[in-house]
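Remarks on the overall topology
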Amino acid sequence: QVQLVESGGGLVQAGGSLTLSCAASGRTLSDYAMAWFRQAPGKEREFVAGMTRRATGTYYSDSVKGRFTISRDNAKIMLQMNSLKPEDTAVYYCAISNYYIFTTTPSRYPYWGQGTQVSVSS
């Protein structure tokens, strides 16, 4: 059974930084693509950042490119978030997928964490 548990969310002022962490158990992360998504109130869940299997490539949404960095070690997926903006406020989720190609579509990710709240004040 796969378990993903996020941590590191919180309240920060605009321009500040946070690092989210997602601890994984039950699977070897190198076998899976991984991603961070976020969902703000009243909006659909959206892709934020992702990494291919075996860390051969990374992808970012245009809204976070240059500010966020996804990384991983053996059992954790991290998201370093710099220069945070109020529009980054959302619940952030980590997810992993063994789909045959890298995808930013949430429905292609069968395993999800419970989410962690990030709030950015202006």
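Just above sits the structure.
What to know about the state of the cysteines
Defined simply, a disulfide is a covalent bond joining two cysteines at their sulfur atoms. What the rule picks out here adds up to one disulfide. Shown here is the disulfide that connects C22 with C94, its sulfur atoms set 2.0 Å apart. Taking the sign of the S-S torsion, about 50° here, the bridge from C22 to C94 comes out right-handed. Here C22 is found in strand β3 (residues 18–25), whereas its partner C94 is found in strand β9 (residues 90–97), with 72 residues between them in sequence. The residues C22 and C94 share a single accessibility class, namely buried.

Thoughts on the packing of aromatic side chains
Under the definition given, this model contains nine aromatic pairs. Taken together, a centroid distance of 5.2 Å and an interplanar angle of 75° make the contact between F37 and Y109 edge-to-face. Note that F37 is positioned in strand β4 (residues 33–39) and Y109 in the loop between β9 and β10 (111–112), a separation of 72 residues in sequence. For F37, a relative accessible area of 0% gives the class buried. When its relative accessible area of 3% is taken as the criterion, Y109 is described as buried. When the ring of Y109 is compared with that of W112, the centres are 6.4 Å apart and the planes differ by 65°; the resulting orientation is edge-to-face. Residue W112 is classed as partly exposed on the basis of its relative accessible area, which comes to 24%.

Quick look at the side chain of R38
Assignment of secondary structure puts R38 in strand β4. With relative accessibility at 5%, the residue R38 sits in the buried group. Within the structure, the side chain of R38 is placed 2.9 Å from the side chain of Y92, a separation counted as a polar contact. The contact partners of R38, leaving out residues within four places of it in the chain, are E44, R45, E46, V48, S63, V64, F68, E87, D88, A90, V91 and Y92.

Some points on the environment of T52
Checked against the element boundaries, T52 lands in the loop between β5 (46–51) and β6 (58–60). Taking the C-alpha atoms as reference points, T52 and M34, separated by 18 residues in sequence, lie 6.6 Å from one another. The residues contacting T52, other than those within four sequence positions of it, are Y32, A33, G57, Y59, R72 and F102.

Quick notes on the rules
Residues numbered from 1 in each chain as written. Predicted model: local features only at pLDDT ≥ 70, side-chain atom pairs only at ≥ 80, totals over all residues. Heavy atoms only, no water. Disulfide = S-S within 2.5 Å. Helix = DSSP H or I, 4+ residues; strand = E, 2+ residues; numbered from the N terminus. Buried < 20%, exposed > 50% of the residue type's maximum accessible area, 1.4 Å probe, protein only. Phe/Tyr/Trp six-rings, centres within 6.5 Å; stacked < 30°, edge-to-face > 60°. Polar contact = N/O pair within 3.5 Å; in protein donor to acceptor, adjacent residues only side chain to side chain. Contact = heavy atoms within 4.5 Å.

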